[in-house]
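Observations on chain architecture
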Protein chains: 2
Amino acid sequence: MFTGLSAFPLTPVTPAGLDERGFIRLLERITSAGADSIGVLGSTGSYAYLTRPQRRQIATIAKSHAENIPLMVCVGSVSTDEVLCLADDAQAAGANALLLPPVSYQKLRDDEVFGLFETLTQHASVPVCVYDNPGTTFEFSDELHGRIAALAGIRSVKIPGVPPSPEDALARVQRLKSKLPAGVTVGISGDASAATGLNAGCEVWYSVCGGLFPQTAKEITDAAARGERERVAQLSERLQPLWDLFRKHGGSIRVMAAAAGALGLTDVDCLPRPLRPLSADDIAEVAAVITRLELR
Amino acid sequence: MFTGLSAFPLTPVTPAGLDERGFIRLLERITSAGADSIGVLGSTGSYAYLTRPQRRQIATIAKSHAENIPLMVCVGSVSTDEVLCLADDAQAAGANALLLPPVSYQKLRDDEVFGLFETLTQHASVPVCVYDNPGTTFEFSDELHGRIAALAGIRSVKIPGVPPSPEDALARVQRLKSKLPAGVTVGISGDASAATGLNAGCEVWYSVCGGLFPQTAKEITDAAARGERERVAQLSERLQPLWDLFRKHGGSIRVMAAAAGALGLTDVDCLPRPLRPLSADDIAEVAAVITRLELR
C-alpha cells in the first residue's frame, strides 16, 4: 500500500461537530478514482484539531467507506501516551497502517524522536509510515531517518517537497534512500513538487490534491508508474494555478476547504476553529481555477 | 495579580501518571516564598503533553495548595473548542485567571488569533493573560497585541525575552505599551532577560525560575518593585550559570526537571514522553550550579 497514489482527504467540520456526510462524499470520490491508499487525519485532515473520540469516528467511517482500498490513519500527538491510545483506536477501526509525525511543543532531540517511533512500532501491529513535516513538527536528518526506518514495522517515509531542479531532487531522494533499508518506500508530499519527486524516484505521492481531486492526481501517479517522466511533469505544470493558490494562502488546507465547499461537497465553512475560511473573493478565485483546470 | 512574581512550576509526571506529591512540594515552596501569583500548566508545566482530565486535576491540586495566592491556569490548545472546555475546567477548579497561548498547527492568520481571544474572553468569567511565545505558537505584531488587549477581560500580556541592551529593551516595552489600554500589564518571560525586562518597565515576571527557586526569583522582583535597578541587574547576573544551562539545553524544561530531581522534590525522570531527562553528567552539572548559586 506504500506506492502509487495515497489520497489525503479533508476532515470537514461544522459548528455542530464532524460533517460525516461531507466526509463520506470525499471518500466516495477517492474510491471511484481507484486510489492506491487513503490517508485520513493528515495535516489537511485536521488531526491536530480533533479530539480522540472524533479521530476514532473518522477512522471508523473511513474504513467502512474505503471499499478494498488500504487505509492509513495519522496518530500524531504531542504526547507519546496519546499516540499509543490513538494507535489502539485506529487499529480497532481497521486501519491498515499508521502515519506518525513527531509533533513537538518543546523542541525534540533526536533520541526523543527515535524513542517515540520505537515505542509506537513495538506497540502497534500494523506498519508505520514516518511523517517528516519540518514546518509543523521536527527537522529530521537523513541519519535519523535511517535509524528509524531500520525499526521493524516502518514501511515508508513521507517527505516534504524536494528541490525544484530534477538533478537536485534526484540527489536528495537518492541520498535519503541510501540510508533506508530495502522495502521502505519514500513518498513525496508538498503537492507542487510531487511530479519532481515522483520523477526523482519517490514510489508514492501522499497527496492533498488527491484527497479532493483523485482522478486528476491519479493521472500523474499512473504516468509515473509507466515511467512517462515528461507526461508527469506536463500534467503537474498544467496544475500550476492550483499550486499558486496553495502558496498564496500559506498552505493547502484553506484552499482545499474552499474547493470542497465550492463543489458542494461540504459546507463553505468546513474548517475547525480557530481556522477560518477564505474570503468570498478568494473562494470565487478557487472555484474559477477548479473549473478552468477541470479538476476532478 | 498581574504584577510582581508569577511562579510557573513544572508538572512532574511518572510512568504511572501525574506526580501529585512532587507537584505539591513545588507549590509549597512557592507559597512559602510569597509569590504574587502561581501559573500552572505553562510551557514548562507541560500543558501541551497532558490530557484534559490531567489538566483539570493539576488546576484542582494547585488551587487547594495555593493558600491565598491567586492562581492562573494555562488553557492552550490547538482547538478553540478544547480551549473553551479547558477554561470551564479551570474556572470550576477555582482559577483566578486564564493564560492563553495561540497554539498553532496550521500557521494562523491574525484574524484567526483575534477570533480565538475574542471567543475565550466572551466565554470566560475570569481575566485572561495573552501568552506570546513565538517559538512554539505564533508571531504577534504589536498592532495585534493592541487589538486583542482592547477586548474586555484581557489583563496582561506575557512577552518573550527583550533585546539585551537596556535602551533597546526600554524601546521595545514602550512601543508595546503604547498599543495597550491602561490597566493591561506587560510581563516578561524568558528568564535570562527578566531583569532587563523588569528594568524596562515590565510589571510582572512570568518566571520558570520562580517555579522552582521562588525565593531567588522574588529577590529580583522585590528589588524591581523598590526601583533598585542596579540590584535587579546584579541579582540576575549572579544567576548567569543557570541561564547558560537553559541555553545549553535548548530551553528551561529539561534543566528544571533535572533540578527538581536533584533536590529530591520529584523523581529524577519527571518529564512526559517523548521528552527525556538529561544525561547523568548533565544532571550532575545542574546540581552543582544549584549548590554553587545557593538557589532556593
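Now for a quick tour of the structure. These numbers come from a predicted model, not from an experiment.

Turning our attention to the overall build of chain A. Tallying secondary structure elements over chain A gives 13 helices and 10 strands in all. On C-alpha atoms alone, chain A measures out to a radius of gyration of 18 Å, which is about the 19 Å that the 2.2 N^0.38 rule sets for 296 residues. Dimensions of chain A, computed from C-alpha atoms along their principal axes, come out at roughly 45 × 45 × 35 Å. Counting across all 296 residues of chain A, residues that qualify as buried make up 59%. Of the contacts formed within chain A by residues at least 6 apart in sequence, a portion of 72% connects residues at least 24 apart.

Let us look at the relation of the copies chain A and chain B. The operation relating chain A to chain B is a screw motion whose rotation component is 180°, with 0.0 Å of axial translation and a residual RMSD of 0.0 Å. With respect to symmetry, the two chain copies, as superposed, fit the operation of a two-fold axis. Rotation axis and chain A: the residue whose C-alpha lies nearest the axis is A:Thr136, separated from it by 4.8 Å. Of all interface residues in chain A, 100% are interface residues in chain B too; the two copies therefore contact each other through one and the same surface.

Before going further, it helps to examine helix α9 (residues 214-225) of chain A. Residues that lie three or four places apart on an α-helix share one face, since the helix turns once every 3.6 residues. All names here are of chain A. Between its first and last C-alpha, α9 extends 16 Å over 12 residues, near the 16 Å set by a 1.5 Å rise per residue. For α9, the set of buried residues is Pro-214, Thr-216, Ala-217, Lys-218, Ile-220, Thr-221 and Ala-223. Packing partners of the buried residues in α9 comprise β1 (4-7), α1 (20-33), α7 (194-199), β10 (204-207), α8 (209-212) and α10 (229-238). Gly-227, located one to two residues past α9, shows a positive phi value of around 75°.

This part covers the side chain of A:Ser193. All names here are of chain A. Take Ser-193: it is sitting in the loop between β9 (185-188) and α7. Exposure remark for Ser-193: the relative accessible area of 13% places this residue in the buried category. Aside from chain neighbours lying at most four places away, what touches Ser-193 is Gly-161, Val-162 and Ile-188.

Another aspect to go through is the interface of chain A and chain B. Listed as interface residues are 30 residues of chain A and, on the opposing side, 30 residues of chain B. Of the roughly 2700 Å² buried between chain A and chain B on both sides combined, carbon and sulfur atoms contribute 52%. When residues of chain A are sorted by the area they lose upon contact with chain B, A:Tyr105, A:Gln106 and A:Pro274 head the list and together hold 28% of the total. Inspection of the region where chain A meets chain B yields 2 salt bridges. Examining the composition of the side of chain A that touches chain B, we find that 4 residues originate from one element, helix α4 (residues 110-123) of chain A, more than from any other.

Here the focus is the side chain of B:Glu112. Among the secondary structure elements, B:Glu112 is positioned in helix α4 (residues 110-123). Among the polar contacts listed, one links the side chain of B:Glu112 to the side chain of A:Arg254, at a separation of 2.7 Å. If sequence neighbours within four positions are ignored, B:Glu112 has contacts with A:Arg254, A:Pro274, A:Leu275, A:Arg276 and B:Lys107.

What follows covers unusual backbone geometry. Residues and elements named next belong to chain A. For the bond running from Arg-273 to Pro-274, omega is 15°, close enough to zero to count as cis. Tracing the backbone shows Pro-274 in the loop between α12 (253-262) and α13 (280-293). Here Ser-46, not a glycine, exhibits a phi torsion of approximately 60°, which is positive. Tracing the sequence through the fold places Ser-46 in the loop between β4 (37-40) and α2 (52-65). Positive phi outside glycine occurs at Glu-294, with the angle close to 55°. Tracing the sequence through the fold places Glu-294 in the segment after α13.

Residues and elements named next belong to chain A. Here we have 8 strands rolled up into a closed barrel, ordered β1-β4-β5-β6-β7-β8-β9-β10, and parallel in their pairing. Neighbouring strand axes in the sheet, compared pairwise and without regard to direction, differ in orientation by 25° on average. Two elements, strand β7 (residues 128-131) and strand β8 (residues 154-159), share 4 bridges in a ladder whose sense is parallel. Bridging from a neighbouring strand, Cys-129 pairs with Ser-156 of β8. Most of the contacts of α4 go to strand β6 (residues 97-100), to which it runs at about 165°, and overall it touches β6, β7 and β8.

What follows deals with the pairing of strand β6 (residues 97-100) of chain B. All names here are of chain B. What you see with β6 is no split at all: Ala-97 and Leu-99 on one side and Leu-98 and Leu-100 on the other are buried throughout. Where the polypeptide runs from strand β5 (residues 71-74) across helix α3 (residues 80-93) and back to β6, its parallel neighbour, the crossover connection is right-handed. Sheet topology note: the β6/strand β7 (residues 128-131) ladder contains 3 bridges and is parallel. The residue of β7 that forms the bridge with Leu-99 is Cys-129.

Let's shift gears to the packing of aromatic side chains. All told, the structure shown has 10 aromatic pairs over all chains when counted by the stated rule. Ring centres of B:Phe138 and B:Phe140 lie 5.2 Å apart, and the angle between their planes is 90°; on these two criteria the pair is classed as edge-to-face. Here the two residues B:Phe138 and B:Phe140 agree in accessibility, since each one is buried. In textbook terms, an aromatic cluster arises when at least three aromatic residues are bridged by ring pairs, as seen for A:Phe117, A:Phe138 and A:Phe140. Taking the ring centre of A:Phe114 as reference, the NZ or CZ of A:Arg147 above it sits at 4.2 Å.

Analysis parameters
- Residues numbered from 1 in each chain as written.
- Chains lettered and ligands numbered in written order.
- Predicted model: local features only at pLDDT ≥ 70, side-chain atom pairs only at ≥ 80, totals over all residues.
- Heavy atoms only, no water.
- Helix = DSSP H or I, 4+ residues; strand = E, 2+ residues; numbered from the N terminus.
- Rg over C-alpha atoms; globule rule 2.2 N^0.38 Å.
- Buried < 20%, exposed > 50% of the residue type's maximum accessible area, 1.4 Å probe, protein only.
- Contact = heavy atoms within 4.5 Å.
- Least-squares fit on C-alpha atoms with pLDDT ≥ 70 in both.
- Expected span 1.5 Å × (residues − 1).
- Buried area = accessible area lost by both parts, 1.4 Å probe.
- Salt bridge = Lys/Arg side-chain N within 4 Å of Asp/Glu carboxyl O.
- Polar contact = N/O pair within 3.5 Å; in protein donor to acceptor, adjacent residues only side chain to side chain.
- Pairing = 2+ DSSP bridges.
- Axes fitted to C-alpha atoms, helices over the stretch in contact; angles between N-to-C directions.
- Right-handed = clockwise from strand over helix to strand, strands pointing away.
- Phe/Tyr/Trp six-rings, centres within 6.5 Å; stacked < 30°, edge-to-face > 60°.
- Lys NZ or Arg CZ within 6 Å of the ring centre and 35° of its normal.

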